[in-house]
Amino acid sequence: MSALASALDANGLVCLVGAGGKKTTLYALAARAERAVVTATVRIPIFDPHVSDVAVTEDPIAALLTRDNWPLGLVPEREFEDRYRGYDTDTVSEIAAAHDGPVLVKADGARMREFKSPADNEPQVPDSADTVIPIASAHVVGEPLTDALVHRPEHVADITDISVGDEVTPEVVGRVLASPAGGMKGVPAGATAVPLVNKVDDEADETVARAVAETVLEHADRSVVPRVVLAQMAEATVVDVLE
């Protein structure tokens with residue numbers, strides 16, 4: 001297992017949620033794993049350049065048995081010109097049960113924002129998930145809580161008792177990542193959650209990310225959250241791990 005996968009506990013059925021580098025993290029993990037599957041329970045942009053093969057099929061188990069190019073993308077349908085549709089959560093659980101490598105899952109959407117809070121119908125995390133990785137970007141800190149950088153800013157405001165338009169602080173990001181209504185939403189019983197603070201590009205970002213991580217560790221259920229990872233996922237680099 002790579003250092004990145006080890007830090008993120010990315011083994012088995014792994015679901016990525018949040019905003020600010022979800023797809024980048026998905027593809028970085030896939031590139032560094034043996035026999036990785038990339039799939040989704042929600043819509044996912046066309047990702048063929050990031051894997052060795054893509055099977056567009058309503059029978060993903062058959063594809064697992066007949067394809068041998070890894071990482072392998074599995075999706076049920078090309079729904080739009082630029083997007084695939086995802087499988088339902090039960091099907092993704094079946095894929096993981098039939099596969100002997102990591103199954104990496106995009107489990108919510110964020111509309112290219114840096115930070116988010118989930119809607120009522122998300123994330124779509126299978127009950128059998130082993131690990132959930134909630135992601136946020138360090139770059140949102142210091143910016144106003146608006147939909148320019150934040151997906152569903154009103155939900156963030158509800159969780160953190162601030163107002164839309166207020167400054168996003170490290171504490172705001174950390175509290176959302178640690179919240180059962182935020183980053184911890186949908187984490188199944190028995191699963192591990194490893195929050196990831198992404199886009200730690202320089203010393204200033206690292207200072208911000210450490211403050212986010214400290215807030216997560218203060219507010220999260222530590223039986224579920226063993227650590228927080230600081231990373232620069234564009235380079236697949238782990239900056240630090242806080243426990």
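Look a little higher up for the structure.
Below: a short report on this structure. The model shown is predicted, which means the values in this text are computed figures rather than measured ones. (Residues numbered from 1 in each chain as written. Predicted model: local features only at pLDDT ≥ 70, side-chain atom pairs only at ≥ 80, totals over all residues. Heavy atoms only, no water.)

**Thoughts on the sheet that holds strand S7 (residues 83-85)**
The strand order S3-S7-S6 describes an open sheet built from three strands, whose pairing is antiparallel. The open sheet terminates on both sides in strands that have one partner only, identified here as strand S3 (44-45) and strand S6 (77-80). In terms of strand pairing, S6 meets S7 through three bridges, oriented antiparallel. The partner of phenylalanine 80 across the bridge, within S7, is arginine 83. (Pairing = 2+ DSSP bridges. Helix = DSSP H or I, 4+ residues; strand = E, 2+ residues; numbered from the N terminus.)

**Section: the packing of aromatic side chains**
Both the distance between ring centres and the angle between the ring planes are used here to describe each pair of aromatic rings. Taken as a whole and assessed by the stated rule, the structure comprises two aromatic pairs. Consider the rings of tyrosine 27 and phenylalanine 47, whose centres lie 6.2 Å apart with planes at 20°: the pair is stacked. Here tyrosine 27 is found in helix H2 (residues 22-31), whereas its partner phenylalanine 47 is found in the loop between S3 and strand S4 (53-56), with 20 residues between them in sequence. Phenylalanine 47 carries the same exposure label as tyrosine 27, and that label is buried. Measuring from centroid to centroid gives 5.7 Å for phenylalanine 47 and tyrosine 84, while their planes differ by 75°, and the two rings are edge-to-face. Placement of the pair is phenylalanine 47 in the loop between S3 and S4 and tyrosine 84 in strand S7, with a sequence separation of 37 residues. For the pair shown, phenylalanine 47 and tyrosine 84 are each scored as buried. By way of ring pairs, the aromatic residues Tyr27, Phe47 and Tyr84 are connected into one cluster. (Phe/Tyr/Trp six-rings, centres within 6.5 Å; stacked < 30°, edge-to-face > 60°. Buried < 20%, exposed > 50% of the residue type's maximum accessible area, 1.4 Å probe, protein only.)

**Focus: the pattern of salt bridges**
A complete count under the given rule lists 13 salt bridges for this structure. In this structure, glutamate 79 engages arginine 43 in a salt bridge whose closest nitrogen and oxygen atoms are separated by 2.8 Å. Remark: arginine 43 occurs in the loop between strand S2 (37-40) and S3 and glutamate 79 occurs in strand S6; sequence separation between them is 36 residues. The exposure class assigned to glutamate 79 is partly exposed, which follows from its relative accessible area of 29%. With a relative accessible area of 44%, arginine 43 lands in the partly exposed category. For arginine 152, the salt bridge goes to glutamate 122, with nearest N and O atoms at 2.6 Å. Taken as a pair, arginine 152 in the loop between strand S11 (150-151) and helix H5 (153-160) and glutamate 122 in the loop between strand S9 (115-116) and strand S10 (131-137) lie far apart in primary sequence, 30 residues in all. Its relative accessible area of 8% is what places glutamate 122 among the buried residues. (Salt bridge = Lys/Arg side-chain N within 4 Å of Asp/Glu carboxyl O.)

**Structural notes on unusual backbone geometry**
Tryptophan 70 connects to proline 71 through a cis peptide bond whose omega is 0°. Mapped onto the fold, proline 71 is located in the loop between helix H3 (60-66) and strand S5 (72-75). Backbone torsion omega between glutamate 122 and proline 123 reads 0°, so that peptide bond is classified as cis. Relative to the helices and strands, proline 123 is located in the loop between S9 and S10.

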